[in-house]
Structure formats: C-alpha cells, structure tokens
Amino acid sequence: MRTTKARTRRLLTALILPTVVGAALVTGSVGAGATPSAKAPKNQQAIVIGAEQFPPVLNDMTSQGNSDWTAMVAGPALARGYKLLPDFSYEPWIFDKDCAVVTDSPFTVSCTIRPEAKWSDGVPITANDFKFTYDTIMNPKNDVVTRDLYSKITEFNVISPAEFQMVFKEPFAPFRELWAGTSTTVLPRHILEGQNFNKVWNNCICDPKTKKPIASGPMLVQSFTPGQKVVLVPNTNYWGKQASVPQVVFVPMRDSNTEINAFRNGEVDMIYPQNQIGIRKKIESVDGAKYTSSLGPSWEHFDMLSSVKGLDDINVRKAIATAMPRQQIVDRVVKDANDNAQVLDNVMWMVDQQAYQPNWDIYPHSGDVDAANKLLDDAGWVKGSDGVRAKGGVKLSFRVGTTSGNQARELAQQIIQEQMKKIGVELTIKNSPDILDVNLSAYDFDTIMFAWVGSPDPFSNNIIWLSGASPKPCSKADAKKGNCDYSGLNYTKVNDPQVDALLNATDRETDPTKRAALYNQADARLSTDSVTVIPLFQKPTQLGYKGTIGGVVDNPTQDGFTWNIEDWTYSG
Amino acid sequence: MIAFIGRRLLVAVPVVLLATFLLFALVSARGDPLAKYRHDPRYSEQTLKNLEHEYHLDEPFVQQYGDWLGDFVQGDWHSSFVTQRPVSDMVGEAVWNSVLLIGTTLVFAVSLALLIGVVSAVRRYSAFDYLATGFSYFGFSMPDFFFALLLQLFVVFVLQDALGVNVLYVQGKYSVGSEGDVVNLAQHMVLPVLTLMLTSVAAWSRYQRDSMLEVLDADYIRTARAKGVPRKQIIRRHALRNALVPFVTVVAIDAGVLLGGVVVVESVFSWPGMGLLFYDALQKDDYPVLLAWMAVATIFVVVANIVADVLYGLLDPRIRVQGTRRSVRRAERDTAEAAVRAAEAPA
C-alpha cells in the first residue's frame, strides 16, 4: 500500500510540477519583463512604426550605429547644418543660410548659425558645438563611421559663437555634405565633452550625468529598450516648428511577412519595407491605409567585367547594352511599387535631379535585338549550332550573379537572360548570398547585378569610375577573411584618362552648373567608351501608413521618411 | 535520490565542457569573427586591434577557448560586437522570454498530447483515432514558419474581420502602452505557442497512444479486467500511470529540443527571446553573443536531460538505484510487486 501511495505521489509530482513551474515562469517572466513604464496608461495617440532593421545603438555617427534606420529613428532628435529635402536639395537647418566660399585660395568656407537654434536644455547651439563635432570625428580614438571628408579640412576656426570657417587643403566643392545627412549630426559640447564618445549615446541620446534626454531637433528620444522599442516625444524647447504627435514608437520587425500582417492587424501604424514585388497591393488593400513611394539615390545596374574574355571587346558590351530590355525590367520589377519609375539614363545624376541628362538613351529602352545582332555580326562574333556566338575560340557565354533571395533582381536576371539568348549571348545564373562580399572583391564574376547607394551629390561615386580606384585582386579566401583592398569600387575596371580628368575636376569646380556639366560629360563618355555598367533604374522606397496620420511626405535621401516629423498629425 | 542527482550532475560537467569546446571550435571554424568588419571602412585599424585583444582573438585557439571559458564561468560574457551591451544582460533578458514561451508550450502541449494519446488508444480505430492520426501527419509535415504565417493570416483576415477588434496579435511581446498587462501578453503568446505546440503535440500524442496501447495489452490489465475492475479505473489508475513513465521522459528531453524550435518561431513573431537573439547574432556575425548563446543552450539541453533522468528515476525505482546488484534486485522486486499490486487493486 505504501508503495502505491509513494508511486502516486511521484506521478502527481511528475505531472503537476511542470504545470506549477510553467505557471511560475509565466508570472515570473511577466514580472521580469515589466519595465518602469509598464504601469503607464495605454496611450492610444502613439504612432507605432515597424522598423525592419531596428537600431542596435542610437549613435548614428559610430560604426555600429550607422544605418538608414538609426538615421530615421534618432534623426528627428538631432538637427544638422542642412536638411536633405526629398528633391535632393539642401535646405539650411541649423545654418541660417547656405555656407559660402570666402576665399578660393586657400579654399575657405564660412557657415553661420541661426540665433534661435538651441538645445532642449536651453543652451544655444554655437560654432563651438560644430568645432567639438569636428574634433570628435577627427579624434582617432573615436569609432566614427567616416572621417574621409573631414580630413580635407586643414583648419577649423571659430570666428564667433554664430560663425565658423573651414579651410581646406584644396578646393572642395561638395563641402555641404560635411554637415548634411544624419551621420554628420552636431554634437552638444556642453554635454559630451570629456565623455567616451564610443559608448555615451549607445542607449540614449541624453546627458550622461543626469540621464535626461537632450535634443536639437523636434523630438526627444524618451527611451530606448534594445531590441524592443524606441520612444520619441516632442521636444517642447525646439526652436523650430513644434511637433504635434504626442509620441512616436519604433518597434522591430524581423520578418517581412509579419511586418505586413502586423500592419493589416493594426498593430503598427506605419511600415517602410524594402522594395518587394506585390507589397503595394497588400498595403493598399488595408482599409484606410495610404501608400507612397519615392525614387531614391540608390540605383540598380548590370555590370560587366571588362577583363573577361569576350567582355573585353567593347562591341560585345555595347551589344548587350543595346539589347538590354530596360523598359521591360522597369515595368515588371519597379512599376508595381512606383508609377513614376522609369529607365535610368545617367550614372551620376538621378532622374528627378536638375542636372540629370539622359546620356544612356543611346541604348533603346526596350532593347533593340536587331541592332545588337548587327553590332556582333560586324565585330565578327558568329553564332554556333548551339545559338551562342563565338570568335577565335572564345564563346559569349557568361555567368550572371546577384544576391540570392532578392526577388526583384532574380526576376530582372531572368528577363535579361531570355533577351540575351536572342543575340547569341548565353548567361548562366550563379547567385549566392555573399556574392557582393566575396565574389566582387575577388573579381570572380563575369556579369553581376546590384545597387550602388548614392547621395544627392554624386562626389561619393567617383571611386566607382576612377581608373586608380580598381581594388587589387583579392582571392576568395582572403575576401572571406576580409584581407582585401577596399580603397576603391571600380570593380568593372573602367580605365579612361578622360573620365579621370573630368571627375577630378568636379571636386575643384565650385560653380554648380559647371560642376554638373563635368559630371554629365564623364557620364556621356562612360556610356560610349566604357560601357561596363548599364544603369537600370532607381530603387523605389515603399511607405505604408494609416490614413489617420497626416503630413507624411516620404524622403528617399539619408534623412528618411521621418525628416518632417514635426509636420505629422495623428487622429488615432 | 540525492546521490542519484549528484551522480547525474557530475556526469553533466564534462558533457558541458566537451560540448562548449566543440561549439567553440565550430563557431571559430566560421572564420575570422572580425572578417566582416575588416573590410568595412567604418572600422579603423585601432578599433580592430582593440577588438582582437578584448576577445582574445590574438591568441592560439586552445588558449582562446580557455580564456573564454574562464571569463564565461566568472560571469564575464564580454560585450556584443553590435550593441556593445554586456552579453550577459542580453542573454538574461532573452532567456526569460524563451522560458516563458517554452514553459507555456510545455504545459499546454503535454495536456493536449496526453488527452489525444489516451483517447486514441482507448478508442483505437475509432473516428477520433483516425482524426488524431491525421492531425499527427499534418503536424509532422507542416513547417513551423509556414504554419506561423497561416496563423497570422487567419488572425488578420478571418478573426479580425469577424470580431472587428484585435483579439490576437501577430508580433512582439506587448502592444505599445500595454507593457506588463498579463492579458495583452497572453494575446501575444497565443500564436507562437500554438506554432510551437503543433509538432510537439503531434509527436507526443502518438507516443502516448503507443505507450497506452502497450500497457492496455499487458497481462496485469487483462487480470484487472477479469477481476471486474471498472474500465475507467483501469485506464486512469493502472494503464495511464504506467504509460506515463516513458512519456514524461520523452517530454523532458524534448523540452531541450524546443529551444531550437524557438529560433524560427521567435523570428517570425518578433518575440524577444533566445531564438531571436541567436538569429540576429548569426546574421550580424555577433561572435560573443553566439558563443554565449550556444553555451547557455548547451546547459539548457543538459539540464533538460538531467530532469528527464530524475523524472525517470522518480517514476521507475530501477533507474535511480542502478549501480549495486542488491539494489537492482530490490528495485526489480519492488517494481514487480508494484505491478502486481496495481493489477490486484480493489475496484
């Protein structure tokens, strides 16, 4: 009898224990997960935004924090010298007017600050804050995202609290870029002096001594819970227009399907997913939802390595460009997201920019198969029994690669593959997830498709085209270890002294019209004498939001869709 | 019993050491942990050197492991490459969320699997049994991520349309502004828990069914029937109890395996637990987080196995007294007597 009772006890223990433990865990975990804000009343007025790449840290200037999403999350708290507008122009923000070139030799630029500009604690924003920011960036102990542009400055002089001057080694036309874009925010000297810059703003944008949030923009970062949420509230001491939305909360979205489902389910009010085919329809199918899309400075292209046998003949590259069905690609891949999408005909300027000239329209948008065949026939490339052209034992058979899993690029690849068959060029698709990290730097590709992330000023793209900017060949093994030369991006081996001369002149030319003309000349030359990169289209952004949110205007530049958060309204 | 648990714990130590060494070797075999950062122009030479030193990457492999293990045991789990937060804090926060998810799944999955298994066995070849078999096939063949998406679509397109309000949520742990609200938490947990339960219930219910059928065919059950013991009592007191022994063991072992399952489920539902932490760390090559995660996962699985052993020992005396011939003989005698007594138990 004793044994039966004991056994029953054991069995009950075995069954009940997990239940009790489970219940205890639930209770314990709820308690453990509850933050001080847990008892706060439910705020129906918060705009909740799903963030695909939730910022790991808040300091966008550090290498860990620098990303588009950090810029969009923390950007509204930190004003810059200039605001980048959706039309890619610069609008003075902290500056009271456009910075001016004071002398050409030495090249000196003067910037002046709005008298009303101040930090949220009431301390004025002065030239000393800009000098402190410059010193912070140049301090080698600090882990900043880039100091390339700032290293061109030889002297940084504070003329008065409202004015500073930068003296450059040589004329430097894109000087506005130094104080525009979210990774060049202005730092508060009175708050950060003497602090460890690499860590001080990882988990807050605040005064590290008092932990109180600090801001120069329309919003304050009220709280940051790593991996869970960032809460922005209006900066009531903002010197510009006051924000009217009481709270903006960013929450992480790891899965793109979940992101759209959370939007449909009303769990998030706004989403900004990466370009995906079909997502527009999903957003628009939600009751009361609004959809908007912009064409940004990032652009997709088809690259040909000019040292590959077959592709080393410019006639082959021109024939491929001539047959390239760019309009079909735009219609099938991009039009779904953006009605205004069109074929990109310039590798320096984007379609909506004033300086844009359609230099690449010498290649028909729909792809001219007959003209391409004639080019190849004339160049002596003869079709074999398998339909693939050959000359001197070299067949026009190439690999075409891109990042596997990128639906839009994979579709474009298939369209191109079919079209190239018609001109006797065989393309074999070879995609891999790390093709851009490994194969590109190892020059282990024939043709490849990816996007360059541009900026409103094309100066940062010079290293794609300068002949001296072709990285040294790097083995796959070294590429995997990261032991490669990453000083340039000229992976297709463009080598044209005339292009070099034109691009080098752009840095020195401060007249915007003449400078734009130089870029266009370089672009035209690339379209006729190099033809290693065929521009396809600008990548569209996709923004979905509830109709109850007003004032939203997408901005495809680095400033992102939160650039005018002070204009947003929310009616629940 | 204490000696038995002590023996199991002693055996677990070298198992954990060996497992962590192998995992450390596997993570190291992925190549230079800093490779991704070396060609990133945002990382200066000095930053990379500091990282190498901080994470002992400038040392030989075995020494790296020794230093890492030493630091790990002392609670210094280093800082994340990405967030620069102490890894112990990150794992500490995530582990509770996963334990909550796994714990809840276990409670519901065990109950449901038991119910299905017992009823299927008792009503063998009935409509319910066939239905349960069909469900098991469905559960086995349905990938977690796909089932998760189906559930999301059901909530978005069916449930919300029918009710007009949000009853269940498709992502996160709490809604904004409802942190700490248990009801809101439960509404967020339903879909991930259901997804995790699917495979477990499918497997465990089949296991329980087989186990029950085996017991129901045993001689002592036949004897009990012959003696006129009521059917319900036979099932509840004699058959179920004996059939539970292997079931409990399997559940305890599978609890460790569930930690692997949460990687997909937490990623799909943005649940801030260990699975999501692993997924993020893997994507971003966050070496210190990966190592700590694997070590914690190893300990979790080993503990689950120890729990399985202990439960088995609790339920079957032969196991816990294993080691001496006398005690084995005594255990065998006890078990045999217990089985006979169970069969002879009065109605």
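None of the values given here were measured: they were computed from a predicted structure. (Residues numbered from 1 in each chain as written. Chains lettered and ligands numbered in written order. Predicted model: local features only at pLDDT ≥ 70, side-chain atom pairs only at ≥ 80, totals over all residues. Heavy atoms only, no water.)

Undergrad: How would you sum up the state of the cysteines? Please name residues and give values.
TA: Residues and elements named next belong to chain A. The final tally for this structure, using the stated rule, is two disulfides over all chains. Across the disulfide, C99 is cross-linked to C111 (sulfur-sulfur distance 2.1 Å). Looking down the S-S bond of the C99 and C111 bridge, the torsion is 120°, so its handedness is right-handed. One end of the pair, C99, is in the loop between β3 (90-92) and β4 (100-104); the other, C111, is in strand β5 (residues 107-112), and 12 residues separate them in sequence. Take C99 and C111: they sit in the same class, and that class is buried. (Disulfide = S-S within 2.5 Å. Helix = DSSP H or I, 4+ residues; strand = E, 2+ residues; numbered from the N terminus. Buried < 20%, exposed > 50% of the residue type's maximum accessible area, 1.4 Å probe, protein only.)

Undergrad: Give a detailed account of the environment of P171 of chain A, specifying residues and quantitative values.
TA: All names here are of chain A. By secondary structure assignment, the location of P171 is in the loop between β7 (163-168) and α4 (189-192). Separated by 63 residues in the primary sequence, P171 and T108 have C-alpha atoms spaced 8.3 Å apart. For P171, the contacting residues outside a window of four places in its chain are F107, D507 and R508. (Contact = heavy atoms within 4.5 Å.)

Undergrad: Tell me about the confidence of the model for chain A, residues and numbers included.
TA: Residue and element names in this part refer to chain A. Predicted confidence across chain A gives a mean pLDDT of 88, with 90% of residues reaching 70 or more. Per-residue pLDDT stays below 50 along residues 1-5; that stretch engages in five contacts with residues further than four places along the chain or on separate chains. This stretch, residues 11-43, has a pLDDT under 50; its non-local contacts, to residues over four places away or in other chains, come to 41 contacts. (pLDDT = per-residue confidence, 0-100.)

Undergrad: Break down a nonpolar patch on the surface for me, citing the residues and quoting the values.
TA: All names here are of chain B. A contiguous nonpolar surface patch, about 680 Å² in accessible area, is contributed by F145, F146, L150, L153, F154, F157, V158 and V264. No other element matches helix α7 (residues 144-163), which puts seven residues into the nonpolar patch. Within the secondary structure, F157 sits in helix α7. Note on F157: relative accessible area 42%, which makes it partly exposed. (Patch = residues over 30% accessible without salt bridge, like charges linked within 9 Å, V, L, I, M, F, W, Y side chains within 5 Å. Areas by Shrake-Rupley, 256 points an atom, 1.4 Å probe, with all protein chains shown as cover. Salt bridge = Lys/Arg side-chain N within 4 Å of Asp/Glu carboxyl O.)

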